[in-house]
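Observations on the three-dimensional arrangement
Below are the chains, spelled out letter by letter.
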Amino acid sequence: MKIKKQHRRKQFMYRTNRKRLREKMEKNTKHNVKVADPILKENWDHRKSVKENMKQLGVAFDANKSVSRISNPRNKFKVTDIEADKEVVSDVSVVAQLEAVAAVEKPPAFRFSLDQVKWISDMMDKHKLNFKAMARDPMNHYQETPKAIEKKIRKFMSIPEQYAVYCRERGLLESEQSEN
């Protein structure tokens, strides 16, 4: 005799929205992949799976399989040729376009918030570059160590947009108006 659950009559589930369920299922199929990169998007074939598309475009689907591990500890990884595969890559221009985009260096976009700039500039006005005194200062609410404060101030000095404003306000740098 079978278990009672297996004999139970199937009942329609009124609480589930069939339309929404079907849309959810279709959204996750291999033919409905959302590709964000514009270079890959224009060359993407929605009739193929992700793995097939990546292979056709000459891009590694699994980075671990495209790089084989070797025993020499100095050279931990050895790059294998993707072209050495049995199937020849049909579109080499995609890889060239991706390499060109990757070669363009983006400038670092890190900036301190206005509150942090005010705190750093107050500390530098009060203590110059004495980081131990800054760490003991009552304005050091987050109880940062002298090394942490030093790193913050060095980072602040390396951002010309913010440090130049600080220097101009203190008269350490000539203002742009006097040069004109």
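Everything in this summary refers to the structure shown in the same document. (Residues numbered from 1 in each chain as written. Predicted model: local features only at pLDDT ≥ 70, side-chain atom pairs only at ≥ 80, totals over all residues. Heavy atoms only, no water.)

As a further point, take the packing of aromatic side chains. In this structure the tally under the stated criterion is six aromatic pairs. The interplanar angle of 75 degrees and the centroid separation of 5.0 Å between the aromatic rings of Phe12 and Tyr14 together place this pair among those described as edge-to-face. In this structure, Phe12 and Tyr14 share a single accessibility class: exposed. (Phe/Tyr/Trp six-rings, centres within 6.5 Å; stacked < 30°, edge-to-face > 60°. Buried < 20%, exposed > 50% of the residue type's maximum accessible area, 1.4 Å probe, protein only.)

Position of Val95 among the secondary structure elements: in helix α6 (residues 92–103). Relative accessible area serves as the criterion here: at 23%, Val95 is assigned to the partly exposed category. For the pair Val95 and Ile39, spaced 56 residues apart in the sequence, the C-alpha separation amounts to 9.3 Å. (Helix = DSSP H or I, 4+ residues; strand = E, 2+ residues; numbered from the N terminus.)

Attention shifts here to the environment of Tyr163. Tracing the backbone through its elements, the reader meets Tyr163 in helix α10 (residues 160–170). For the pair Tyr163 and Val117, spaced 46 residues apart in sequence, the C-alpha to C-alpha distance is 9.1 Å. Setting aside anything within four residues of it in sequence, one finds Tyr163 in contact with Met124, Phe156 and Met157. (Contact = heavy atoms within 4.5 Å.)

Along the chain, Asn140 falls in the loop between α8 (131–136) and α9 (146–158). Taking relative accessible area as the criterion, Asn140 reaches 6% and is therefore assigned buried. A polar contact is formed between the side chain of Asn140 and the backbone oxygen of Glu144, at a distance of 3.0 Å. Residues in contact with Asn140, not counting those within four places in the same chain, are Trp119, Met123, Met134, Ala135 and Ile149. (Polar contact = N/O pair within 3.5 Å; in protein donor to acceptor, adjacent residues only side chain to side chain.)

Attention now moves to α10. Every buried residue of α10 is accounted for by Gln162, Ala164, Tyr166 and Cys167. Where α10 ends, the next residue or the one after it, Gly171, has phi of about 80 degrees, a positive value.

Where side chains of opposite charge bring their charged atoms close, a pairing between them can arise. Applying the stated criterion across every chain yields a total of ten salt bridges. Its salt-bridge partner being Lys152, residue Glu144 comes within 2.9 Å of it at the nearest N-O pair. Judged by relative accessible area, Lys152 falls into the partly exposed class, the value being 22%. One salt-bridge network, held together by shared partners, links Asp125, Glu169 and Arg170. (Salt bridge = Lys/Arg side-chain N within 4 Å of Asp/Glu carboxyl O.)

A separate point is helix α2 (residues 18–27). By the criterion of burial, α2 is predominantly exposed, with just zero of the ten residues buried. The backbone nitrogen of Lys19 lies 3.2 Å from a side-chain oxygen of the residue at the head of α2, namely Asn17.

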